[in-house]
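So the chains spell out like this:
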Amino acid sequence: MKRLAVLATAAVIAAGATAAAIWPEHHDAPAKAAGTADILGRTAGTGSLRLLAFLATQPDTAVTTSRSQAVDLVSLQTQYGAKGLSTQIIDESGAGRDALTNTYYDWQLGGVLLAADPARALARQYNVTVTPTVVLLDAAGAVIKRWDSPVHTVQAAQVIAGKLTS
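Caption draft 1: Quick peek at the sheet that holds strand 2 (residues 85-91). Sheet architecture is open: five strands sit in the order 3-2-1-4-5, paired in mixed fashion. Each edge of the open sheet is held by one strand with a lone partner, namely strand 3 (113-116) and strand 5 (143-147). Across the sheet, the mean angle from the axis of one strand to that of its neighbour is 20 degrees, orientation sign disregarded. Contacts between helix 2 (residues 65-80) and the sheet are confined to strand 1 (49-55), strand 2 and strand 4 (133-138), with strand 2 contributing the most and set at about 160 degrees to the helix. Running over the sheet, helix 5 (residues 153-165) touches strand 1, strand 2, strand 4 and strand 5 and is turned about 175 degrees from strand 5.

In structure tokens:
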């Protein structure tokens, strides 16, 4: 019986180590300006393309357009991140830091950054009036493509793949 308890404890520790290796730790660093750091204190990479998705993450229900859009964004980041794509969700729901931290883990965003835009500074900069809105930027910050509706993986992938190979 003791041996089973030891094995179970070892499995839990191993699983925790694996989870820590996959998911970044939460940092209580002071919040930086929207768009420069996400809720975990990470900053966007210096890739050749940046995908900004303006979503309303709250209320968090399984049927919200923003939640299904996040699945597509994670897929795109997984496919093209190593080739130079950086993906960031900008929350437009006004949710607080704790709610966004929970959303990051609940939605399993992995390499996708999640940031708040409480003053809607980025939304104004990109003239966002509806969510979801997705904007693809080049390395200089120029808009390559804009979708004022949910973007499907295949639609975005065509543009992203074309820009990463040109």
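Caption draft 2: Examining the environment of Thr78 more closely. For Thr78, the location among the structural elements is in helix 2. Judged by relative accessible area, which is 64%, Thr78 ranks as exposed. Sequence separation of Thr78 and Gly111 is 33 residues, and the distance between their C-alpha atoms is 7.6 Å. Here Val74 takes part through its backbone oxygen, which lies 2.8 Å from a polar atom of the side chain of Thr78.

Caption draft 3: Region of the structure containing the packing of helix 2 against helix 5. Where helix 2 meets helix 5, the closest approach of the two axes is 10 Å, and the angle between their N-to-C directions is 25 degrees. Between helix 2 and helix 5, the angle falls in the class roughly parallel. Classified by chirality, the crossing of helix 5 by helix 2 is right-handed. Where helix 2 abuts helix 5, its residues Asp72, Ser75, Leu76, Gln79 and Tyr80 lie against Thr153, Ala156, Ala157, Ile160, Ala161 and Leu164. Within the contact of helix 2 with helix 5, the residues separate by chemical class into seven nonpolar, three polar and one charged.

Caption draft 4: Seen up close, the nonpolar core. Within the largest apolar cluster, 26 residues are counted, with the highest numbers of intra-cluster contacts made by Leu51, Leu76, Leu85, Ile89, Leu109 and Ile160. When contributions to this core are tallied by element, the ones reaching two or more residues are strand 1, helix 2, strand 2, helix 3 (97-106), strand 4 and helix 5. For Leu85, the contacting residues outside a window of four places in its chain are Leu49, Arg50, Leu51, Leu76, Gln77, Tyr80, Leu136 and Ile160. Ranked by size, the runner-up nonpolar core spans ten residues in total, among them Leu122, Val128, Val135 and Leu137.

Caption draft 5: Quick peek at helix 5. For helix 5, with 13 residues, the first-to-last C-alpha span of 18 Å sits near the 18 Å given by 1.5 Å per residue. When helix 5 is considered as a whole, its buried residues turn out to be Thr153, Ala156, Ala157 and Ile160. The buried residues of helix 5 occupy an angular sector of 100 degrees when projected down its axis, which confines them to one face. Residues of helix 5 that are exposed and point more than 90 degrees away from the buried face comprise Val154, Gln158 and Thr165. Here the buried face of helix 5 lies against strand 1, helix 2, strand 2, strand 4 and strand 5.

Cut-offs applied
- Residues numbered from 1 in each chain as written.
- Predicted model: local features only at pLDDT ≥ 70, side-chain atom pairs only at ≥ 80, totals over all residues.
- Heavy atoms only, no water.
- Pairing = 2+ DSSP bridges.
- Helix = DSSP H or I, 4+ residues; strand = E, 2+ residues; numbered from the N terminus.
- Axes fitted to C-alpha atoms, helices over the stretch in contact; angles between N-to-C directions.
- Contact = heavy atoms within 4.5 Å.
- Buried < 20%, exposed > 50% of the residue type's maximum accessible area, 1.4 Å probe, protein only.
- Polar contact = N/O pair within 3.5 Å; in protein donor to acceptor, adjacent residues only side chain to side chain.
- Parallel < 35°, antiparallel > 145°, perpendicular 65-115°, else oblique.
- Left-handed = near helix turned anticlockwise from the far one by under 90°.
- Nonpolar A, V, L, I, M, F, W, Y, C, P; charged D, E, K, R; others polar.
- Core = buried A, V, L, I, M, F, W, Y, C linked by side-chain atoms within 4.5 Å.
- Expected span 1.5 Å × (residues − 1).
- Arc of directions from axis to C-beta.

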